[in-house]
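Secondary and tertiary structure notes
Residues per chain, in single letters:
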Amino acid sequence: MALPTLVIFVKLFAGAGETWGHIVEYLLLRYLSNSFYLAIACSLLTILLGVSTAWWSTRYEFPLRKPLEWLLILPLAIPSYTTAYAYAGIFDYGGSLELLLRPLSWGIPKVDVMNIHGLVLVLSISLYPYVYVACRAFFLHQSQNLIEAAQLLGGNSIRNFFKLILPIARPAIVGGVILVLMEVLNDYGAAKYYGVNTFTTGIFKAWFGYEEIETAVYLAALLLAMIFSLIFLEQWQRRRKKFTSQDKSRKPLKRILLSKPKQYLLLGMIALPAIFGFLIPVAQLLYWAFLTYESVLKASFFSIALQSLLIATLAAVACVLFAVLLLYTSHWNYLKSIKSLSKFGVLGYAIPGAVIAVGIYIPSLYVDRWLMKMLGAKVGLILTGTIIALIYAYVVRFLAVAYNPIASGREKIQNTLVEASYSLGKGTLFTFFKIEFPLLQTAIFSAMILVFIDVMKELPLTLLLKPYEVQTLAVKAYEYASDELVMEAALPSLLIILTGVLPVIILNKLIRRD
């Protein structure tokens, strides 16, 4: 799992490509400044949207609270590049906004979203649910005792939030923001469509435009260094700070019932991120799909949809298998070094898809050349440009997505059950299949669904490593948009959204029943 990162590190000593000097002189500063600006601006905006909606929906009672709690999560089902296409069409000349305002004889506002500031807004309204989910889970388990103690000491609701709740919620906020940063730095489709030069677009340009894998390696290494620096900085700043509470004396958080006008005002404020992050983009895509379905809905479209579903299913199964192996082989082994090394396997989610693609392409090409030399040229490419390399890349990228739910589910299994099996003379494998696996079914199914959704949306990694004859819905939507057929991109985008929303609903029902 750590091979792509090691390959990039080793390949640095081979030297840069011929165009590296040109990139350093004319493009590198722009890649750095744009990537840093996107990272900082999106972090601040997602914190504002995610923390505020999480706290208000947890602390106060208002109409439509329960449906809105789930609606606030749904922007994650829409790929950020799809949201970017939708808003570009809404504000474009002759777009949806102009069509709506023209009959009213109002002045039509000219809003240019095809720039870095528009990209910040698009990415933020697409990714704020990462912060919202993490903070809401924390706030729901927050003790009423702390708030009551602060009120007895004379603190009002605003001061208590900023002086007490917000500092304690820091681990949840940072955890959500780290995920946002990973997605922002991994983005390619939205940045490319909006004409913003970032490290990811630079890697694509070096690989496909300049045809220099060495230059792409150097850019990938710089992006990796920036990501690991951010993670190290966060861990250094937190150091040994911990926040705990006594469960025995903890009271559940009580919701505050406001007056009717304040309830509806709060409802409108909380609904805004969901409206702009999910409802408006979906409405725009539905409108485009209605206009173009006759030209898009062909036999080839169904073939692409089937390929996407099969690839996502294969990747989900492979990720779950590797996650279980990683978790239990390290658990069954008593060597501390093995348990420490297992943590490296889940670092792939912190690495952008373009970087992973570069780190996999190089060794797979070496292996194929060695096989062709040993077995003859007729063998052809076995790994490079095949479904094997693509699935391997998905496993490296999304192993953490599968590992975390399964590890969390395993922690809930009582050790007495496992120890009882051992005391009866049963081995580790028998105990796993007869006791632990049945109890982990919900966690395993949850992990498969999460990986399935992520693979369906993944664009940079798929573009770089997919076989020539293989097509996915994400790639097809990107190709339509790149060819200025953005309306035709609506139907494959809607199918991606549908495959993201339905599993979430099924998963929610399964967890409640479980």
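Up top is the structure these notes are about.
Residues numbered from 1 in each chain as written. Predicted model: local features only at pLDDT ≥ 70, side-chain atom pairs only at ≥ 80, totals over all residues. Heavy atoms only, no water.

1. Some words on the environment of Thr292
Keep this limit in mind: Under the scheme used here, helices are H or I runs from DSSP no shorter than 4 residues and strands are E runs no shorter than 2 residues, and both carry numbers assigned from the N terminus. Here's how the labels work: a residue is buried when its accessible area is under 20% of the maximum for its type, exposed when over 50%, partly exposed in between, all with a 1.4 Å probe on protein chains only. Every residue pair with non-hydrogen atoms within 4.5 Å of one another is taken to be in contact. Counted as a polar contact is a pair of N or O atoms within 3.5 Å, where, for protein atoms, one must be capable of donating a hydrogen and the other of accepting one, and residues adjacent in sequence contribute only when both atoms are in side chains.
For Thr292, the location among the structural elements is in helix α14 (residues 260–296). On the basis of relative accessible area, Thr292 is assigned to the buried category, the value being 7%. Spatially, the C-alpha atoms of Thr292 and Ala489 are 9.1 Å apart, while their sequence positions differ by 197 residues. Setting aside anything within four residues of it in sequence, one finds Thr292 in contact with Met487 and Glu488. Within the structure, Thr292 has its side chain in polar contact with the backbone oxygen of Trp288 (distance 2.9 Å).

2. Some words on the layout of surface pockets
This is how it is decided: Site definitions follow a grid-based scheme: protein atoms alone, a 1 Å grid, a 1.4 Å probe that fits but cannot get out for cavities, and for pockets an open set with protein on both sides within 12 Å along at least five of seven lines, plus lining residues having an atom within 4 Å of a point. Grid points are joined across faces, edges and corners, and a volume is the space filled by probe spheres set on the points. Classification convention: Asp, Glu, Lys, Arg as charged; Ala, Val, Leu, Ile, Met, Phe, Trp, Tyr, Cys, Pro as nonpolar; all other residues, Gly among them, as polar.
Its volume calculated, the second largest pocket comes out at about 470 Å³. Elements with a minimum of two residues in the lining of the second largest pocket: α3 (28–59), α8 (144–152) and α9 (157–168). It is α3 that contributes the most residues to the lining of the second largest pocket, eight residues altogether. Considered class by class, the residues forming the lining of the second largest pocket number 15 nonpolar, six polar and one charged.

3. Things to note about the environment of Ile505
Within the secondary structure layout, Ile505 lies in helix α24 (residues 490–513). Separated by 435 residues in the primary sequence, Ile505 and Trp70 have C-alpha atoms spaced 9.4 Å apart.

4. Notes on the side chain of Thr384
Residue position: Thr384 is located in the loop between α17 (353–375) and α18 (387–411). Look at Thr384 and you get buried, because its relative accessible area is 9%. Setting aside residues up to four positions removed in sequence, Thr384 forms contacts with Tyr361, Ser364, Leu365 and Asp368.

5. Observations concerning the nonpolar core
For clarity, the threshold we go by: The criterion is simple. A nonpolar core is a set of buried Ala, Val, Leu, Ile, Met, Phe, Trp, Tyr and Cys residues joined through side-chain atoms within 4.5 Å.
Membership of the largest hydrophobic core comes to 163 residues, with the highest contact counts inside it found for Tyr194, Ile203, Leu219 and Tyr394. Every residue in contact with Leu219, bar those within four places of it in the chain, is listed here: Trp20, Ile23, Leu28, Tyr31, Phe199, Gly202, Ile203 and Ala206.

6. A few points about a nonpolar patch on the surface
Cut-off, in case you're wondering: Put simply, a patch holds well-exposed residues, over 30% relative accessible area, that have no salt bridge, with like charges counted together within 9 Å and Val, Leu, Ile, Met, Phe, Trp or Tyr side chains within 5 Å. Note on areas: these come from Shrake-Rupley sampling with a 1.4 Å probe, and a residue is covered only by the protein chains present in the view. Each salt bridge in this description consists of a side-chain nitrogen of Lys or Arg and a carboxyl oxygen of Asp or Glu lying within 4 Å of one another.
A grouping of Leu99, Tyr287, Phe290, Leu291, Tyr293, Leu297 and Phe302 is seen on the molecular surface, where their side chains present a nonpolar patch of about 710 Å² in accessible area. A per-element tally of the nonpolar patch places α14 first, with four residues. Looking at where Tyr287 falls in the secondary structure, it is placed in helix α14. For Tyr287, a relative accessible area of 37% puts it in the partly exposed group.

7. Points about the side chain of Ser308
By secondary structure assignment, the location of Ser308 is in helix α15 (residues 299–332). Discounting chain neighbours no more than four positions away, the residues touching Ser308 are Met456, Gln471, Thr472 and Leu473.

8. Some remarks on the pattern of salt bridges
Taken as a whole, this structure holds five salt bridges when the rule is applied. Of the charged contacts, one joins Glu61 and Arg255 as a salt bridge, the two residues approaching to 4.0 Å between their closest N and O atoms. Of this pair, Glu61 sits in strand β1 (residues 60–61) while Arg255 sits in the loop between α13 (213–238) and β2 (256–257), and the two are 194 residues apart along the sequence. Judged by relative accessible area, Glu61 falls into the partly exposed class, the value being 28%. Using a relative accessible area of 30% as the deciding quantity, one classes Arg255 as partly exposed. For Arg397, the salt bridge goes to Glu458, with nearest N and O atoms at 3.9 Å. A residue pair is termed long-range when its members are at least 10 positions apart, and Arg397 in helix α18 and Glu458 in the loop between α21 (441–457) and α22 (460–465) qualify at 61 residues.

9. A closer look at the packing of α15 against helix α20 (residues 428–439)
Applied cut-off: Note on geometry: axes are C-alpha line fits, over the in-contact stretch for helices, and angles between N-to-C directions span 0 to 180 degrees. Throughout this description, any angle smaller than 35 degrees is read as roughly parallel, any larger than 145 degrees as roughly antiparallel, any in the 65 to 115 degree range as roughly perpendicular, and the remainder as oblique. A crossing counts as left-handed when the near helix is turned anticlockwise from the far one by less than a right angle, and as right-handed when that turn is clockwise.
In the contact formed by α15 and α20, the axes pass within 12 Å of each other and the chain directions differ by 130°. Between α15 and α20, the interaxial angle falls into the category oblique. Once α15 is placed against α20, the crossing between them reads as right-handed. Side by side, α15 and α20 meet where Val324, Tyr328 and Trp332 of the first sit next to Thr428, Leu429, Phe432 and Glu436 of the second. A breakdown of the residues in the contact of α15 with α20 according to their chemical character gives five nonpolar, one polar and one charged.

10. Examining unusual backbone geometry
Backbone geometry places Leu64, a non-glycine residue, at a positive phi of 60°. Relative to the assigned elements, Leu64 resides in the loop between β1 and α4 (65–71). A positive phi angle is found at Glu211, which is not glycine, with a value near 55°. Note that Glu211 resides in the loop between α12 (199–209) and α13.

11. Concerning the environment of Leu463
When you line up the elements, Leu463 lands in helix α22. The class for Leu463 is buried, based on a relative accessible area of 18%. For the pair formed by Leu463 and Leu390, sequence separation is 73 residues and the distance between their alpha carbons is 9.9 Å. Those residues in contact with Leu463 that lie beyond four places of it in its chain are Tyr188, Phe204, Phe208, Val475 and Tyr478.

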